[in-house]
Each structure stands twice: as structure tokens, then as C-alpha cells.
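Notes for the structure review
Spelled out, the chains give:
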Amino acid sequence: MNAPFKNLIAGEWAGGSNASRNINPSNTNDVVGEYTQGSAEDLNNAVAAAKAAFPAWSRSTPQERYDILKKASDEILARKDELGRLLSREEGKTLAEGIGEATRAGQVFAFFAGECLRLGGEMVPSVRPGVGVEITREAVGIVGMITPWNFPIAIPAWKIAPALAWGNCVVLKPADLVPGSAWALVDILQRAGLPKGALNLVMGRGSVVGQALLEHKDVSAISFTGSVGTGRKVAAACIASNPMKKVQLEMGGKNPLVVLDDADLKVAVEVAVNGAFFSTGQRCTASSRLIVQAGIHDKFVEACIERLKSVVVDDALKAGTHIGPVVDQSQLDQNLKYIQIAKDEGGKLVFGGELLKRDTPGFYLAPALFTETTNAMRISREEVFGPVANIVRVKDYDEALAVANDTEFGLSSGICTTSLKHATHFKRNSEAGMVMVNLPTAGVDYHVPFGGRKGSSYGPREQGAYAKEFYTTVKTAYTLA
């Protein structure tokens, strides 16, 4: 085994005595690498480095920041196949999905390189004679980032890129389960010319590194993506800190896909199977609730079962694989628990749900589809975060909309219909931050806002120009002429 991959602190690769193994979920005998486990002291050193770098970096020119982010984008895109393979090897999504995610990371950096040059302000007249008013945006300060395992390069990218574009310094704590992609991304940015301390990487346990990040008085803002339970703790810690921290949370989803009687059946099935099961269902935007009108219900169920029979579950790196393994044993156990819960509640398992054996030892699970479920069941209300979906039968559009909105979450929603009337009404009345018509609920563009409502999100949106609402603070200056 090679020496452990180290943390990046103040522009230097630093490692402690502890390291964890990054295991390939498609082949548990395959160790992707060993990665340093940081300590609270490492985190404190990283924040100190960011604090030292902030005055110069926050006042750097837009051209300097553009050049660095664009250089990073160019390298990510040039190495997308290599980075995608690393991602798929450590997380378990298919190679095509891994390469696609790496490509998106490169596109995100290209977009925010441009944002470096687009940030402006306003000059407005005062209500008082002879007074001018100038409204500008400035960097928030030191931004702590806690990122999840399901998008190990895209989510760090769409947090880091806007933060750096607008002059913030960053301390990144990636998911302990998948540190490899984050390490590779940070390495690219470091070599692109970032000054020492502008970007710091501290890998390790959330209870150690993450907690120290939340408690540090010099951290101005926290951007978190993860579970609802952890998100609530993050928010509470940010409010309790002195001074209080700005906070941005992206959490769970129990996303509905409505299928009306007038839907194109082939389109609806593809939308449902893609949204519910691809990426092994390990997406906060996955279509985990399929709300189907009675007239098309039986045909839809039959067509979904036939479509799922053609889906190949296998090694993420193997050609022809449609769905890779579950990320680890803990997540697999959670999936199996919810499959049993659905059965106990009276749901009918019409496809899948069983463990699979493949050529290599891994966490393979056949995608599970339930019928005869209601929206009151736990399988309809709690996020599973795996290849598990349930179908709720409804009588008409009004009931479909009511069921779709009857959830504590509000991230993404979708409808399959050929009716302009119903599509228009659903877009306006769906209680979700993102709405899809005849498209999977999972799958979004990088240049527009990402985020939800209710229990799914808290704070300003991520991605696109709207990201400035979190990564900048507004200053109003008055001048007597």
C-alpha cells in the first residue's frame, strides 16, 4: 500500500498517524487508497491558514480568480475519464455516471470563472440631496464546507467554485466514506495557482473534524449537504456559535413523480426508472414516490416491471452496467430495513429487493418496486436513499397533487402528462424547489439555482448566479458629494 493521501493545510500536504481505507463497493477486496484522518488540531490549523490568506485573496483581481478557476476547469475536463473512473471506483455509480459527474465539476468551475468577471454593484441616488449610495457585494470570509458521499466531486465543486470566485477562503471536510475525488479536486485547484491557505482540505470523521469546523469562531459560514438530522444539528451549532455563522443546508427528499392517465406510457416509464433507480437511487432528488392515476396504473406497473427486467446491476466499472452497488454495508442495511418495513405495512413487492451476487464481493441490491402503498406509510414518508420506490394509486389530478405535496420535504417533483393545463398547474402549485415535466426528478443543470423548500433546504440556493446570495455579503456605502 502506498503512503496515505494527506490533508492540504496552508498550501502544504500534511498527514497525521491515522488513516482510513477507501473501499470499492463493487469489489470490497479493492482498496482505492488510504487517506489521512485529520484531527481537531488539523482543522484549527486549516482555519488559521484560511484566515491568514483571506485579506489578500478577497482583494485579488477578478482576472486572477478567473485564471485560476478556468485553469482548474480545463484540467478537470481534460482528465474527466480518469476522475470519473476514480469516482465510480470509490462511490459505486456507473462509469458513465462517474465521468458525467466529473464533467459537470469542470463545467461548474468554468461557469464560476465567468462569474468572477460578472459580479457588479449598484449606484443609486439617495433621498437626501448631494448624497450618493453605492451597493456592493463582498466575500463572506472563511467558509466551512461539509459534503456528502453520493456526489463526491460535483458537490464539492459547486460549493468551492462560487466561494473562491467571490473571494472567500475555504476549509473543506469531505465525506469520510469517499475522500478520493475531493482530494483529486483540491490537488487540481492547488496546482492551478491558488495562494497558500485559500483552499484547505481536512479529511476525517464528522464527529471530530466537522464538529471542530462548526465550533470555530473564525469560520464565517457553513455550507452543508447531508441528512436532515445532521443538518438540524449543523444549523443549531451555527446559531449557537459566537459570532453566529451564516448557514446553507441541502438535506433530504421524498420526491414525487405524478403519472397521469394521459401520459405517454413509454416516456413515463423511462422517467420513473431513471429517476428512481439510476445512481442506485442514492440521490436526494430521486423519484422515490410514484403517484399514478388509476386509469394508467396497471399498464404503468406492468411496463415498469418489464423495463426493470432489462436493467443490469453489476460492477460499476463493467461495460453494460446500468446500476452499480450500494455505497457500503451500512446503507445496504438501511435499504433492506425499509424494504421489510414496506412489506410489514402491507406494500406489495412486485419486483426486486433481493441481494445479488456478482463476480466480485460487493453491496449489490436488485432495485425494489412496491405497489399497493398509501402516502401514510413510512415507505412514502421517510427517505430511504437507495434503489427503492413505491407506487401510490390516485383517482385524479387533484388527488395526485395533494398526495405529492403531502410531505415534510420539498426538493424536487415531477409530472408525466401530455396536458398543457395540468403541466402548467403543477409547475405553479407543486410545493418543491424544482419541478420537472416529462423529465426525471433527478438531473439538473449547473447554471441555474438548486434547492428546495420545507425540510429539504434551508438558506440561499446553490449553483448559478443565485449562489452569490450565500457566498457574498451586501455592503451599502453613502458618500456626501
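In what follows, the accompanying structure is described.

Analysis parameters
Residues numbered from 1 in each chain as written. Predicted model: local features only at pLDDT ≥ 70, side-chain atom pairs only at ≥ 80, totals over all residues. Heavy atoms only, no water. Buried < 20%, exposed > 50% of the residue type's maximum accessible area, 1.4 Å probe, protein only. Helix = DSSP H or I, 4+ residues; strand = E, 2+ residues; numbered from the N terminus. Pairing = 2+ DSSP bridges. Axes fitted to C-alpha atoms, helices over the stretch in contact; angles between N-to-C directions. Contact = heavy atoms within 4.5 Å. Parallel < 35°, antiparallel > 145°, perpendicular 65-115°, else oblique. Left-handed = near helix turned anticlockwise from the far one by under 90°. Nonpolar A, V, L, I, M, F, W, Y, C, P; charged D, E, K, R; others polar. 1 Å grid on protein atoms, 1.4 Å probe; cavity = no way out; pocket = protein on both sides within 12 Å on 5 of 7 lines; lining within 4 Å. Points joined across faces, edges and corners; volume = space filled by probe spheres on them.

This part covers the pairing of strand S17 (residues 412-416). For S17, the buried fraction is high: five of the five residues fall into the buried class. Alternating positions in S17 separate into two faces, Ser412, Gly414 and Cys416 on one and Ser413 and Ile415 on the other, with burial throughout. Across three bridges, strand S12 (residues 256-259) lies against S17 in parallel orientation. Bridged to Leu257 within S17 is Gly414. As defined by bridge partners, S17 adjoins strand S18 (residues 434-437) across four bridges and the pair is classed as parallel. Bridging from a neighbouring strand, Ser412 pairs with Met434 of S18.

With mixed pairing, seven strands are arranged side by side in an open sheet as S14-S15-S16-S13-S12-S17-S18. Of all the strands in the sheet, the pair left with one neighbour each is strand S14 (348-351) and S18. Taken over all neighbouring pairs, the strand axes of this sheet differ in orientation by 25° on average, direction set aside. Its contacts with the sheet put helix H11 (residues 329-345) on S14, strand S15 (368-373) and strand S16 (388-394), and the angle it makes with S15 is roughly 25°.

The geometry of helix H13 (residues 397-405) relative to helix H14 (residues 420-429) is characterised by a closest axis approach of 11 Å and an angle of 25° between their N-to-C directions. It follows from the interaxial angle that H13 and H14 lie roughly parallel. For the crossing formed where H13 meets H14, the hand is right-handed. Contacts between H13 and H14 involve Tyr397, Leu401, Ala404 and Asn405 from the first element and His422, His425, Phe426 and Asn429 from the second. Among the residues making up the contact of H13 with H14, the classes are represented as four nonpolar, four polar and no charged.

With that settled, the discussion passes to empty space enclosed by the protein. To find leftover empty space, one rolls a probe the size of a water molecule over the atoms. For the structure shown, the criterion picks out two cavities of 30 Å³ or more. Approximately 90 Å³ is the volume found for the largest cavity. Every residue lining the largest cavity is counted, 15 residues in all, and those nearest its centre are Gly281, Ala286, Ser288, Glu383 and Phe385. Residue composition of the lining of the largest cavity, grouped by class: six nonpolar, six polar and three charged. By volume, the second largest cavity is sized at about 70 Å³. Of all the secondary-structure elements, those providing two or more residues to the lining of the second largest cavity are H13 and S17. By residue class, the composition of the lining of the second largest cavity is five nonpolar, seven polar and three charged.

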